[in-house]
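Residue-level listing of the chains:
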Amino acid sequence: MKLRNQSFLNTALGLSILGLGGCLAIYSARSFGENPFYFAFRQLLWLGSGVIFFLFLARIPFRYYEKNAWLLAGISFSALILVLVFGTTINGMRGWFSIGGKVLLQPSELAKAPYLLLLSVIASNESMTSKRRFLLLSGTGGAFCGIILLQPDFGTASVYFAGLAIVLFVTGFRYRILALLPAVALPCTVLFLLNHEYAMARIAGYLNPDAHLYGSGWHIKQFQYTLAHGGLFGSDWGGALWSNAYLPFSHSDSAFAAIVESGGGAGGLLILGGFLAMVWLFREMALSGGNNTARILIFSAGAVCAVQALLHIGVNTALLPPTGLTLPIFSYGGSSLFGTMAAFGMACSASSSGCPSHSGTEKKSANTVEF
């Protein structure tokens with residue numbers, strides 16, 4: 001028990017250090033404003049609350065998560081439905097609940113952990129045939145992705161889709177079955193683009209930003225100018241001129257570009273390497289996890305976080321068309337931070353379920369997931 005608590009505290013310390021780095025990045029991106037500490041201070045409050053939330057979730061025995069996976073996912077899915085009716089629209093997307101006009105909660109961020117938990121429970125259910133598990137997993141993933149696309153939020157739906165693909169992959173489904181995923185995703189993407197003019201405009205701006213310089217290509221060009229201004233080692237922290245003056249959403253959706261302007265390409269590579277290392281660390285945690293559900297959840301929690309980070313970085317480096325995605329832990333936003341803390345808290349709970357004190361008599365089944 002003492003060893004487990006120490007592990008939780010060490011993880012919380014690591015998340016706190018990363019979060020403080022995010023607060024510094026947010027301050028640097030807004031340092032030229034009238035109130036440069038406003039967003040950084042708010043993020044600091046979210047960080048303190050988020051770490052406490054992480055420790056609370058990590059200490060809950062994993063068997064309770066398994067038992068209530070359908071309930072937690074059902075509540076999360078209901079929130080995604082309700083936000084379409086009662087939510088607040090920002091930048092053309094109805095994806096937030098407004099509390100008192102000062103606090104915004106984004107249910108699609110908070111639902112990631114319950115979503116991955118439910119996928120893990122379904123994937124590890126040995127009482128079902130592989131075909132039935134695949135259909136149930138695909139139906140669950142399709143339902144969550146579909147309801148998020150209605151907001152419309154293509155970026156977050158892509159992260160949810162990646163979560164489904166990761167769970168199917170680590171569960172051991174054959175490649176010919178996994179090939180069905182892009183076969184379904186491609187026509188859905190085309191249909192989404194055809195039904196949303198702003199998405200088509202973003203594609204046009206991405207393909208030829210100079211021709212749409214003062215429209216859909218503006219964000220792409222500002223990404224390029226911001227990265228160029230950062231150079232190899234960056235400008236001084238607090239002196240990110242381009243992030244403060246021209247880069248849209250420099251403290252949230254454009255956080256990586258703002259960080260590179262302050263920390264240079266070297267700082268950007270450090271962050272990129274850190275997220276890639278996260279996948280390996282969560283893989284190692286999964287290998288010591290308890291049952292199959294725990295192992296799948298642990299790996300998918302780390303992998304999905306890394307996928308979101310890579311998508312964010314891809315957009316910020318103009319390798320992908322612009323879409324609204326935060327950089328986990330570093331970007332401003334309580335919902336994003338709490339969503340990440342929830343997934344990591346559940347993953348730590350799952351990891352501790354593999355300790356001798358929790359599952360010393362547990363044996364691997366014939367269908368144990370291997371990574």
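Residues take numbers from 1 onward in each chain, read along the sequence in its written order. With pLDDT at 70 or above as the cut-off, local features in this predicted model cover only qualifying residues; side-chain atom pairs require 80 or more to be listed or tallied, and sums for whole chains, interfaces and linings still use all residues. Hydrogen atoms and water are omitted, and side-chain values are computed over all heavy atoms in the structure.

The way it works is that DSSP assigns letters per residue, a run of H or I at least four long becomes a helix, a run of E at least two long becomes a strand, and they are numbered from the N terminus. Helix and strand content of the protein chain: 17 helices and three strands. It is over C-alpha atoms that the radius of gyration is taken, and the globule rule equals 2.2 Å times the number of residues to the power 0.38. For 371 residues, the compact-globule estimate of 2.2 N^0.38 gives 21 Å, and the C-alpha radius of gyration of the protein chain, at 21 Å, lies within 12% of that figure. Projected onto the principal axes, the alpha-carbon positions of the protein chain cover approximately 60 × 50 × 40 Å. In what follows, a contact means two residues having at least one pair of non-hydrogen atoms within 4.5 Å. Taking the contacts inside the protein chain whose residues are at least 6 apart along the sequence as the reference set, 72% of them involve residues at least 24 apart. Of the roughly 17400 Å² of accessible surface on the protein chain, a fraction of 67% belongs to carbon and sulfur atoms. The average position of the 21 basic charges and that of the 13 acidic charges among the side chains of the protein chain differ by 13 Å. A 1.4 Å probe and the Shrake-Rupley method give the accessible areas. Residues count as covered only by the protein chains that appear here. In summary, the charge assignment counts Lys and Arg as positive and Asp and Glu as negative, without counting His or the chain termini. The atoms used to mark charge sites are NZ of Lys, CZ of Arg, CG of Asp and CD of Glu.

Residue P152 is bonded to the preceding Q151 through a cis peptide linkage, with omega at -5 degrees. Locating P152 in the fold gives a position in the loop between α7 (130-149) and α8 (154-171). Located in the positive-phi region is F249, a residue other than glycine, with phi close to 50 degrees. Position of F249 relative to the elements: it lies in the loop between α13 (241-245) and α14 (255-287). The backbone of I329 shows a phi angle near 75 degrees, a positive value even though the residue is not glycine. Relative to the helices and strands, I329 is located in the loop between α15 (292-316) and α16 (334-352).

Looking at the protein chain, pLDDT values average 89 and 92% of them are 70 or higher. Low pLDDT (under 50) marks residues 356-366, which in the prediction has 13 contacts with non-local residues, meaning those over four places away or in another chain. Across the chain, each position has a pLDDT score giving the predictor's confidence in that residue, from 0 to 100.

Spatially, three strands are ordered β1-β2-β3 in an open sheet, and the strand pairing comes out antiparallel. Every other strand in the sheet has two partners, leaving β1 (88-90) and β3 (103-105) as the edge strands with one partner each. Each neighbouring strand pair of the sheet contributes to a mean axis angle of 50 degrees, computed without reference to strand direction. Paired strands, as defined in this entry, are two strands with at least two bridges between them according to DSSP. Two elements, strand β2 (residues 93-99) and β3, share three bridges in a ladder whose sense is antiparallel. Pairing of S98 across the sheet is with L104, part of β3. Think of each axis as a best-fit line through the C-alpha atoms, taken over the contacting stretch in the case of a helix, with angles from 0 to 180 degrees between the N-to-C directions.

Within the largest apolar cluster, 75 residues are counted, with the highest numbers of intra-cluster contacts made by L117, L137, L168, F275, L327 and F344. For this core, the element with the most residues is α15, which contributes 11 residues. When near neighbours in sequence (up to four residues on either side) are disregarded, F275 contacts C305, A306, A309, L327, P328 and F330. What is meant by a nonpolar core is a set of buried Ala, Val, Leu, Ile, Met, Phe, Trp, Tyr and Cys residues, joined one to another through side-chain atoms within 4.5 Å. For each residue, the accessible area found with a 1.4 Å probe, counting protein chains only, is set against the maximum for its type, and the residue is called buried under 20%, exposed over 50%, and partly exposed in between.

Here β1 runs beside β2; their pairing, made up of three bridges, is antiparallel. In the strand pairing of β2, T89 is matched with R94. From the end of β1 to the start of β2, which pair antiparallel, there are two residues, and N91 there has a positive phi angle of about 55 degrees. Linking β2 back to β3 in an antiparallel pair, the connection comprises three residues, with G100 at a positive phi of about 65 degrees.

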